[in-house]
Every structure is written in C-alpha cells, then in structure tokens.
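The lines below spell out each chain.
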Amino acid sequence: MNKTTAAITAVGAYVPKFVLTNKLLETMVETTDEWITTRTGIKERRILKKEEGEGTSYLGIKAAENLIEKSGIDPAEIDMVILASATPDMPVAATASYIAAEIGAVNAFSYDLQAACSSFLYGMSTASSYIESGRYKKILLIGADKMSSIVDYTDRTTCIIFGDGAGAVLFEPNDEGLGVQDEYLRTDGGGRQFLKIDAGGSLLPASEETVKNKQHYVFQDGKSVFKFAVSNMADVSVLMMERNNLTYDDVNWLVPHQANMRIINATANRMGIDENKVMVNIDRYGNTTSATLPLLLHDYEDKLKKGDDLIFAAFGGGFTWGAIYLKWAYN
Ligand code: UT7
C-alpha cells in the first residue's frame, strides 16, 4: 500500500486595499524610492487601515473565505485550522479559533503557531504531519500578519520593509505520492537579539516605560539578519535538492520567503536555477512575514502543473529557517 502524503489542494489569499508606496514613504521618513528598490526590491506594500478592518483575524478570515469560495469545500468538513502568525489579534485567546468560528469551521480544533518569518513553513510541516498520521483529512493552514501593528513608522530601517497580508492553503491526503516529500527545519536561539520585539511578553510586560521606549515595535539588526539569511536559506535549499537528487532542471519553482530581493537572488544562484523559476511578489507586497509563501502560491497558481517540483525556503527571527520539497497536486 502507498504511503499517504499530504498535498496542497486549494489556495486562497487576501491583501488589504491601502497601498503604501515608496513615494509615500519618502514623505514619512528620510528615504528614497531608489534606496528601497535597489536594497530590497520593494516598490509598495499593503496596509490594513482601521476603516477597512481590524486585526490579523480580518486578513485571515478573508484569505480563508477566498479559498472556500474557490474550492467549494464545506467549512464544516475542516478538521483543523492552524494560523501561522507573528501578530495574533491578542496574546490570549488563539486567533485561529476566532477565525475558525467566523468561517464556519465548526468541527475543527485550532491554534496559533509562531516562528516569525518561518511560521508558514513550519506550519506546512505541522499540517502535513497531521495528515500523514491519518488522523485528520482536511487541514486549513493560514499565514497572516498585520505587520503594520508592530512597525514604528518613524524608523526607516523597518517601516520600508514590512506589509500586511494573508494566504491560506488546504492540506489533504494524497495517494498518488504528491504533496510534501521532504523537509529540513532549523533554529538557532542565539539569533533572537537580532530580530525581536522586546516588550509585551512575560520577560518585559507592558508598562509606561516600555511604551515610552518604543519597545513594543519590531527591532531588526538588518545587516546581521541579512548575513545569516543569505547563507542559511541557500544552504537548506541546496541540501533539499541534493538529498532528493534534484538537478536545477528538475526544480520547477523556488518558493522563497520575500524578505529581500538580494536574499532571493542569492538562494536561486546557489541552486543554479533561472530567475523565471523563482516566485517573486516582494515588489508589490514587501515582507508580509507569515503570508509571503501562500501569497506566492496564490499569485502563481495558474502557472502550476500537477507533478511540478517546488522548493519552499524561509528564514526569520528566532533564528528560524528551513526548506520543504513539495510536489504540486493539481492543474
Ligand atoms: O524576514 C525576516 C528576515 N529579515 C530579513 O531577511 C531582512 C534582512 N536584512 C535586509 O534585508 C537588509 O539588511 C535591510 C534591507 C534591512 C537593510 O539593507 P542593508 O543593505 O543591509 O543596509 P544597512 O542596514 O547596511 O544600511 C546601509 C546604510 C546606512 O547608512 P550608513 O551607516 O552607511 O551611513 C543606513 O543608515 O543605509 C542607511 N539606511 C537607509 N537609507 C535610506 C537604512 N535604512 C534606510 C532607508 N533609506 N530606509
């Protein structure tokens, strides 16, 4: 009997309406469109304004509804909802549970998963393992972040990078051997000093002082993170190819976390694959943290063919990083 694999069988996404362009950022902080474009590849990003909706749950619900509408699945059949996010609605209770209730996933259990920019990649590992176990048949994995809720819009080193967005995928069992083939996930806690939010957790609870010191905003030592991201994302992607005997010709798509165009290019170069096999939308959305990978799948869904070999790769705060090899399951 064939081993059950976990395949992605549907994709949905949502980005908020407001477009924050580099030109507009020029009026907010000391920066230029030219600097942002050459250093990051970002031209614009989406921001969730209060008038449109509030909280990461708003984005997650919209992405999930888009998936449900496109695929025609009955939400009551969903066994589990995982929200990958670094910006949950609130520390307690789980945002995933609220999303599940709002979309009518009345028979699902749900929880949030946080691994910074690797949240969705780790979520793919979690969701696929549950499917492979045989215990669950339909798992909705959502990657959503309202990064604008933790960004200081007077700090030019971070406010030019991040954007808001959400994507969702459905994992189901597959008996043709399609879906997740292999994974290699890593962490290094020594990296937490380089990318973090200092306050608001148990280590440094919110106080007048922490607000005054701007310690509830995301801090990033960009140069250090860049150095680790470039080498580690490329290393795991190449390892994924070697371990599965994939040549650069075999790989149909690289699905890389969208943090910086230079990191994406370095990864693709090390893998030896052409740029037309690299999924990119950083120019339009910036770094949406947990949403980058499913937003790419949504944007490139039309081009994907059953049996295509995809390598997913991410690097983020923690440090957290890794790669997943997946065979696409539908046309
Ligand atoms: O997704 C999670 C993981 N995150 C990442 O992978 C992000 C990794 N890091 C990066 O992508 C890049 O480090 C950044 C895009 C954040 C920064 O680019 P960089 O090429 O590493 O710039 P830098 O920090 O070395 O700064 C170079 C110069 C500095 O000026 P001096 O010291 O050379 O005079 C900065 O002050 O650019 C200055 N600078 C800016 N100038 C115009 C920093 N931010 C800006 C800005 N506009 N927005």
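Residues numbered from 1 in each chain as written. Predicted model: local features only at pLDDT ≥ 70, side-chain atom pairs only at ≥ 80, totals over all residues. Heavy atoms only, no water.

Participant: Would you explain the overall build of the protein in this entry?
Facilitator: Within the protein, the regular secondary structure consists of eleven helices and 13 strands. By the compact-globule yardstick of 20 Å for 331 residues, the protein fits well, its C-alpha radius of gyration being 19 Å. Considered along the principal axes of its C-alpha atoms, the protein spans approximately 60 × 45 × 35 Å. Here the protein holds 331 residues, and the buried ones make up 54% of them. (Helix = DSSP H or I, 4+ residues; strand = E, 2+ residues; numbered from the N terminus. Rg over C-alpha atoms; globule rule 2.2 N^0.38 Å. Buried < 20%, exposed > 50% of the residue type's maximum accessible area, 1.4 Å probe, protein only.)

Participant: What's the story with the site of the ligand in this structure? I'm lost.
Facilitator: Neighbouring the ligand are 23 residues; Thr31, Arg39, Lys223, Asn260 and Asn287 lie closest to it. Trp35 has a polar side-chain atom sitting 3.4 Å from an oxygen atom of the ligand. It is helix α8 (residues 222-243) that contributes the most residues to the shell around the ligand, five residues altogether. Here the shell around the ligand is composed, by residue class, of eleven nonpolar, seven polar and five charged. (Near = heavy atom within 4 Å. Polar contact = N/O pair within 3.5 Å; in protein donor to acceptor, adjacent residues only side chain to side chain. Nonpolar A, V, L, I, M, F, W, Y, C, P; charged D, E, K, R; others polar.)

Participant: Looking at this model, I keep getting lost on the packing of helix α3 (residues 55-71) against helix α4 (residues 95-103). Mind explaining?
Facilitator: Between two packed helices, the angle of one axis relative to the other and the distance separating the axes together describe the packing. Closest axis-to-axis distance for the α3/α4 pair is 10 Å, and the angle between their directions is 45°. Relative to α4, the element α3 is oriented oblique. Considering how the two elements wind past one another, α3 and α4 form a crossing that is right-handed. Mapping the contact onto sequence places Ser57, Gly60, Ile61, Ala64, Glu65 and Ile68 in α3 and Thr95, Tyr98, Ile99, Glu102 and Ile103 in α4. Its residues assigned to classes, the contact of α3 with α4 comprises six nonpolar, three polar and two charged. (Axes fitted to C-alpha atoms, helices over the stretch in contact; angles between N-to-C directions. Parallel < 35°, antiparallel > 145°, perpendicular 65-115°, else oblique. Left-handed = near helix turned anticlockwise from the far one by under 90°. Contact = heavy atoms within 4.5 Å.)

Participant: What is the right way to read the domain arrangement of the protein from this model?
Facilitator: How large an interface is tends to be reported as the accessible area lost when its parts come together. The domains assigned to the protein are domain 1 (5-178) and domain 2 (180-327). If you average the C-alpha positions of domain 1 and of domain 2, the two centres end up 14 Å apart. Between domain 1 and domain 2, roughly 3,900 Å² of surface is buried when both sides are summed, and carbon and sulfur atoms account for 62% of that area. Inspection of the domain 1/domain 2 interface yields 22 residue pairs in polar contact (both at pLDDT 80 or more). Contributing elements (two or more residues each) for the side of domain 1 that touches domain 2: β1 (5-14), α2 (33-40), β3 (44-47), α3, α5 (119-132), β6 (139-146) and β7 (164-174). In terms of residue count, the dominant contributor to the side of domain 1 that touches domain 2 is α5 (eight residues). Partitioning the side of domain 1 that touches domain 2 into residue classes produces 27 nonpolar, 18 polar and eleven charged. (Domains from an automatic or database assignment. Buried area = accessible area lost by both parts, 1.4 Å probe.)

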